[in-house]
Amino acid sequence: MQKVLIITFVLVIWFSSCTSPKYLIKPASTISPDALDHTTLIYTPVADSLLKASELLNSTCILLDQKKYGKLNNYLEQVKNETPDYFLAKTFYYISKKEYPEAVQVLNKIDDQQYQLLKELLSIDLDYEIARLAEGKNYKKFLQQYQAFIDKYPDHDQLKKAVAMRVRYIRYNY
Amino acid sequence: MKKTIFYLLSLFLFISCSESKMLSKSLSKYHAPLNYLHDSKLTDCDRNTQISWNIAGPQVMDTSMVVNKINQKILPFLFYNYTEVNLGVNLGQNTLEQDYETFFKEAFQAESTRTSCYTLSTEPEHKGYHLEIQVDTCQTKSTYQRNSTTLFFLLAYSMSFQEIGFPAETILTANVKLHRGQDLILEKSYSVRRSQPFIKKQNVNVNDLRNDFVNNMTESLSITTKDCVEQIIHDLNAVISKERAEN
């Protein structure tokens, strides 16, 4: 009985310390950036139209949301192809696994105008994460990059909120 | 008895003074950037009007972090002791990576370039427009709490310590005067007060917490400056547009 209690206690502590995804990749319509807290600092809005059009991306988002990374990996192995959808899904997978250099490699293979915005956003995020790993963080440099990015899409209010959260994130991880 | 009370009071006074000093010294080790994201839309307004400007900049900020004790709570029970010390912290220039006055100037210039209907000029024009900005108050305050709990179990006891940072609040007041030649065409005081939510992370050690605490205060100051600068530019645009319509 005592052993069961100790194991339960350890498991509860372990789960509670592992439940905070840093990156949240979700359909743009399902979440209000105002409601996000410290557990979801990096929010990547994926346009609903993209998810409706792509079963692959939709399934990826669902599996990421459920934190079923192993299942997602198997799924991506099954549907492996050379389409932009696949490369984006694979990028999301690598980001969730915090394998940033691999994510950059796959991201650079995306050559589709409809993913241009996400590609640019993720590219800055990944640059920052890699710089962070190399202890080469530079708050001002990344702030300027995000600034140039949102100025490129001046009418995208949700993007501004998502980027504002990233700026907070890099400030507190400076 | 009197002596004991005197010694105890002296000890409490010494502890409370050293606590404030130690926190002040510790927080002064951290430095945070003064910056923010400009989320205003770039305008293509006519910028033919030149405005010369200057920011009157007396030192509005404390040079170093000031920490004062706000209150202390002690709950001395038989099996449970709880102590809590709340310290008030005022942001000082020494924890900023940049001089605040320079930051204000740069923020005003950058926002003017994005959204204004005028061009800023450093050359004074006797007949043209001249803008004077005076930052009167710039205060960023926050509360830092340290608490400890002790539980006694017969011959054993358990102690736990915790430190908590609370959201920073900034009060920024500025006075703005716009002259056309010798005529004063706008005089307005701006008072912006803003509380910046504290970021909460899991499993944070004391160093990270203090770093985040200083960052939160600096972030609060940055965003409040942003709000103030945007308000000033909005009013200046309205005045310049009105002047154009009248002439």
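Residues numbered from 1 in each chain as written. Chains lettered and ligands numbered in written order. Predicted model: local features only at pLDDT ≥ 70, side-chain atom pairs only at ≥ 80, totals over all residues. Heavy atoms only, no water.

(A) Spatial organisation of the state of the cysteines. Residue and element names in this part refer to chain B. Counted under the stated rule, the structure contains one disulfide over all chains. A sulfur-sulfur separation of 2.0 Å characterises the disulfide bridge that pairs Cys45 with Cys117. Since a negative S-S torsion denotes a left-handed disulfide, the Cys45-Cys117 link at about 105° is right-handed. Here Cys117 lies in the loop between helix H2 (100–115) and strand S4 (119–121) and Cys45 lies in the loop between helix H1 (2–27) and strand S1 (50–56), a separation of 72 residues in the sequence. (Disulfide = S-S within 2.5 Å. Helix = DSSP H or I, 4+ residues; strand = E, 2+ residues; numbered from the N terminus.)

(B) Broad picture of the packing of helix H4 (residues 69–78) of chain A against helix H5 (residues 84–96) of chain A. Residues and elements named next belong to chain A. Look at H4 against H5: their axes get within 11 Å of each other, and the N-to-C directions meet at 155°. As summarised for this structure, H4 and H5 are arranged roughly antiparallel, according to the angle between their axes. When you trace H4 past H5, the crossing you get is left-handed. Residues Tyr69, Leu72, Asn73, Leu76 and Glu77 of H4 touch H5, and the partners they reach there are Tyr86, Ala89, Lys90, Tyr93 and Ser96. Of the residues assigned to the contact of H4 with H5, the class counts are six nonpolar, two polar and two charged. (Axes fitted to C-alpha atoms, helices over the stretch in contact; angles between N-to-C directions. Parallel < 35°, antiparallel > 145°, perpendicular 65-115°, else oblique. Left-handed = near helix turned anticlockwise from the far one by under 90°. Contact = heavy atoms within 4.5 Å. Nonpolar A, V, L, I, M, F, W, Y, C, P; charged D, E, K, R; others polar.)

(C) Summary view of helix H3 (residues 206–246) of chain B. Between its first and last C-alpha, H3(B) extends 60 Å over 41 residues, near the 60 Å set by a 1.5 Å rise per residue. Its side-chain oxygen at 3.1 Å from the backbone nitrogen of Asn207(B), Asn205(B) defines the N-terminal cap of H3(B). (Expected span 1.5 Å × (residues − 1). Polar contact = N/O pair within 3.5 Å; in protein donor to acceptor, adjacent residues only side chain to side chain.)

(D) Structural view of the interface of chain B and chain A. Every contact between the two is made by 26 residues of chain B and, on the other side, 23 residues of chain A. Here chain B meets chain A over a buried area of about 2100 Å², counting both sides, of which 51% is carbon and sulfur. Run the count over chain B and chain A and you get three salt bridges. Its salt-bridge partner being Glu219(B), residue Arg168(A) comes within 2.8 Å of it at the nearest N-O pair. Along the contact surface separating chain B from chain A lie 11 residue pairs in polar contact (both at pLDDT 80 or more). The element best represented in the side of chain B that touches chain A is H3(B), accounting for six residues. (Buried area = accessible area lost by both parts, 1.4 Å probe. Salt bridge = Lys/Arg side-chain N within 4 Å of Asp/Glu carboxyl O.)

(E) Structural context of a nonpolar patch on the surface. Residue and element names in this part refer to chain B. Taken together, the side chains of Leu75, Phe77, Leu78, Phe79, Tyr80, Leu151, Phe152, Phe153, Tyr157, Met159 and Phe161 make up a nonpolar region of the molecular surface, amounting to roughly 1200 Å² of accessible area. Within the residue set of the nonpolar patch, elements represented by two or more residues are strand S5 (129–153) and strand S6 (156–165). Among the secondary structure elements, Tyr157 is positioned in strand S6. Take Tyr157: its relative accessible area is 54%, and that puts it in the exposed class. (Patch = residues over 30% accessible without salt bridge, like charges linked within 9 Å, V, L, I, M, F, W, Y side chains within 5 Å. Areas by Shrake-Rupley, 256 points an atom, 1.4 Å probe, with all protein chains shown as cover. Buried < 20%, exposed > 50% of the residue type's maximum accessible area, 1.4 Å probe, protein only.)

(F) Looking closely at unusual backbone geometry. All names here are of chain A. Even without glycine at this site, Lys67 takes up a positive phi of about 60°. For Lys67, the position within the fold is in the loop between helix H3 (55–65) and H4. The phi dihedral of Lys98 falls on the positive side, at around 60°, and the residue is not glycine. Tracing the chain through its elements places Lys98 in the loop between H5 and helix H6 (100–107).

(G) Geometry of the nonpolar core. By size, the foremost hydrophobic cluster in this structure holds 51 residues, and its most contacted members are Val89(B), Tyr100(B), Phe104(B), Phe108(B), Leu131(B) and Leu178(B). When contributions to this core are tallied by element, the ones reaching two or more residues are H1, S1, strand S3 (80–90), H2, S5, strand S7 (168–180), strand S8 (183–196) and H3 of chain B. Sort the elements by how many residues they give to this core and H3(B) lands first, with 13 residues. Once you skip the residues sitting within four places of it in the chain, Val89(B) turns out to touch Leu23(B), Leu27(B), Met65(B), Val66(B), Val67(B), Thr140(B), Lys141(B), Ser142(B), Tyr144(B), Phe213(B) and Met217(B). In this structure, Leu63(A), Leu64(A), Phe92(A) and Tyr94(A) belong to the second largest nonpolar core, which totals 27 residues. (Core = buried A, V, L, I, M, F, W, Y, C linked by side-chain atoms within 4.5 Å.)

(H) Local environment of the packing of aromatic side chains. Using the criterion set out here, one finds 13 aromatic pairs over all chains in the structure. Geometrically, the ring pair formed by Phe149(A) and Tyr153(A) is edge-to-face, given 5.5 Å between the ring centres and 65° between the ring planes. Between Phe77(B) and Tyr80(B), the ring centres sit 6.4 Å apart and the planes meet at 15°, which makes this aromatic pair stacked. Overall, Tyr80(B) belongs to the partly exposed group, its relative accessible area being 32%. Through a chain of ring-to-ring contacts, the aromatic side chains of Tyr36(B), Tyr100(B), Phe103(B) and Phe104(B) assemble into a single cluster. (Phe/Tyr/Trp six-rings, centres within 6.5 Å; stacked < 30°, edge-to-face > 60°.)

(I) Quick look at the pattern of salt bridges. Residue and element names in this part refer to chain B. One pass over the full model with this rule turns up 19 salt bridges over all chains. Across the pair Arg180 and Asp183 runs a salt bridge whose closest N-O atoms are separated by 3.6 Å. Taking relative accessible area as the criterion, Arg180 reaches 29% and is therefore assigned partly exposed. The partly exposed category is assigned to Asp183, whose relative accessible area is 44%. In this structure, Glu230 engages Lys226 in a salt bridge whose closest nitrogen and oxygen atoms are separated by 3.4 Å. Of this pair, Glu230 and Lys226 both sit in helix H3, separated by four residues, roughly a single helical turn. Overall, Lys226 belongs to the buried group, its relative accessible area being 8%.

Function-wise, these values are silent; they only describe arrangement.
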